[in-house]
Every structure is written in structure tokens, then in C-alpha cells.
Amino acid sequence: MTTAAQEAEFIPVDLQLRDGRRVSLRAVRPQDKEALQAAIKRLSPESRYARFMSPLRELTPKMLERAANPDPDYELQLVAVCGGGPQETIVGGGRYCGSAGSTECEFALAVADAWQGLGLARRLLESLMRAARARGMERMEGYILASNSRMLGLAKRLGFAEAASPEGPSVRLVRRDLRGVG
Ligand SMILES: CC(C)(COP(=O)(O)OP(=O)(O)OC[C@H]1O[C@@H](n2cnc3c(N)ncnc32)[C@H](O)[C@@H]1OP(=O)(O)O)[C@@H](O)C(=O)NCCC(=O)NCCS
């Protein structure tokens, strides 16, 4: 399957956020590399740390290549964009990734600081859960800083159970069975 086929599978959706702003949610495209890097660089240091759990300032070329070209068999990268044409800007993103032969995958999300608190993360995670289930994934998990109460609360409301993580007490592991996801 190609990235184009993957995109065809995830039908782009237009969303209205809590304050009326609009975004489109779509699968990433290989030509989004520059916009992805710009979106990561625009995150506040706190948001970047919460997403990557390291003081990384930008994606390495390898991370960027993988983010823009997910393996359609077991990965999906969604982006939330506003504006159109050359003005298009990535204001949020979420991905899941699994591995060959496994029905388990891991999610991660980030929303631009100026777009937080509007319900975008909830829409991203719900979309990832549905897409993962539609592709045969049975379990989804995520590693979240123990201090990230917003993300932990959201995961809990979407049916994830929280547990200790092998990373130690500063990181929590959330897990959800996807088999009930419609
Ligand atoms: C965590 C993060 C993804 C949440 O994104 P968001 O778009 O702001 O989240 P939402 O608006 O969907 O809100 C999620 C929950 O947080 C709570 N929340 C949102 N904004 C809030 C605010 N300003 N104050 C208090 N609680 C708030 C809400 O209870 C909401 O739950 P609900 O949808 O059930 O009401 C975002 O803050 C972020 O990108 N942080 C940095 C990266 C990160 O932490 N990633 C998670 C690691 S995988």
C-alpha cells in the first residue's frame, strides 16, 4: 500500500473547535516534512518535552523522514492543518506506530500551544483509535509524563487504563483494548 492509498483510507475531515476555529484533519504527506519540522520548532519547550520526553529542539532527519512517510501497514500520522495552499500550517498531529506482525501500537500527540484546550487532542486520539481498529490493531498504549494531567485525564476519559511504566515513576503507561472501538 502506498501513502496515497493510506490517505485515501483516512478520509480528511473538517472540524470546528470549541472557539469556532476550523482545522482539517488528514493523513501526513511526504511533502509535509518542512511544515512538520516548523510545527515542532514552534512548540513551547514544555510542550516539546511533554511530547518527546527529552529536551529535543527539532526532529532529526531520520525522525522527520519516518514521520512524513509512515509505514502504511502499521503506522499512521495524522496532521491537523489550518489555512490552505501555501498558507497551510500544521497546528497539531498524532500518530500511532506498531510493528510488523503485531496488533499492538503506541500513540503520541502534540497540539500547538495556541491551539490547546479546544478539543483537538481528543479528536486526534479518537481518530487514531478508530483508524487503528479499522486496520486490525487490538491494543493501543501511550507513554505520558506523570505530571501531564491533561493528557492523562483525556486518555482516561477515552477508556485508557493507567499503570506504572518501565520508564520509572516519572512516566505513566496508558493502555486500551481497541476491540470495542467502532
Ligand atoms: C496534552 C495535549 C495533547 C492536549 O491537547 P489539547 O488539544 O489541548 O487537548 P483537548 O483540548 O482535547 O483537551 C484534553 C483534555 O484536557 C482538559 N483541558 C483542556 N484544556 C484545558 C485547560 N486549559 N485547562 C484545564 N484542562 C484542560 C480537558 O478536560 C480535556 O478533556 P475533555 O476533552 O474530556 O474535556 C496538549 O496539551 C499538548 O500537545 N501537550 C504537549 C505534548 C503532550 O503532552 N503530548 C502527550 C504525550 S503523548
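See the structure above.
Nothing here was measured: the structure is a model prediction, and the numbers come from that model.

Cut-offs applied
- Residues numbered from 1 in each chain as written.
- Predicted model: local features only at pLDDT ≥ 70, side-chain atom pairs only at ≥ 80, totals over all residues.
- Heavy atoms only, no water.
- Buried < 20%, exposed > 50% of the residue type's maximum accessible area, 1.4 Å probe, protein only.
- Helix = DSSP H or I, 4+ residues; strand = E, 2+ residues; numbered from the N terminus.
- Pairing = 2+ DSSP bridges.
- Near = heavy atom within 4 Å.
- Polar contact = N/O pair within 3.5 Å; in protein donor to acceptor, adjacent residues only side chain to side chain.
- Areas by Shrake-Rupley, 256 points an atom, 1.4 Å probe, with all protein chains shown as cover.
- 1 Å grid on protein atoms, 1.4 Å probe; cavity = no way out; pocket = protein on both sides within 12 Å on 5 of 7 lines; lining within 4 Å.
- Sits in = over half its atoms within 2 Å of the grid points.
- Nonpolar A, V, L, I, M, F, W, Y, C, P; charged D, E, K, R; others polar.
- Axes fitted to C-alpha atoms, helices over the stretch in contact; angles between N-to-C directions.
- Contact = heavy atoms within 4.5 Å.

**Examining the pairing of strand 4 (residues 89-97)**
When you tally the buried positions in strand 4, you get eight out of nine residues, the bulk of the element. Note that strand 3 (residues 75-82) and strand 4 share eight bridges and pair antiparallel. When the sheet's bridge partners are listed, Ala80 is paired in strand 4 with Gly92. The hairpin formed by strand 3 and strand 4 contains six residues between the paired strands, and Gly83 there has a positive phi angle of roughly 75°.

**As for the site of the ligand**
Taken together, 20 residues form the shell around the ligand, and within it Val111, Gly117, Gly119, Asn148 and Arg157 come nearest. The separation between an oxygen atom of the ligand and a polar side-chain atom of Gln116 is 3.2 Å. About the coverage of the ligand: the protein hides 79% of its 930 Å² of free accessible area. More than half of the atoms belonging to the ligand lie within 2 Å of the grid points that define the largest pocket. Of the residues contributing to the shell around the ligand, the split by class is ten nonpolar, five polar and five charged.

**A word on the sheet that holds strand 7 (residues 161-164)**
With mixed pairing, eight strands are arranged side by side in an open sheet as 1-2-3-4-5-6-8-7. Strands with a single pairing partner mark the edges of an open sheet, and in this sheet they are strand 1 (13-16) and strand 7. Strand-to-strand twist in this sheet, taken as the mean axis angle between neighbours without regard to direction, amounts to 25°. Both strand 4 and strand 5 (residues 104-111) contribute to a ladder of six bridges, which runs antiparallel. Across the sheet, the residue bridging to Arg95 is Ala108, located in strand 5. Helix 2 (residues 33-42) rests against strand 3 and strand 4 of the sheet, and its axis sits at about 100° to strand 4.

Interpretation note: all reported values are geometric properties and have no functional meaning in isolation.
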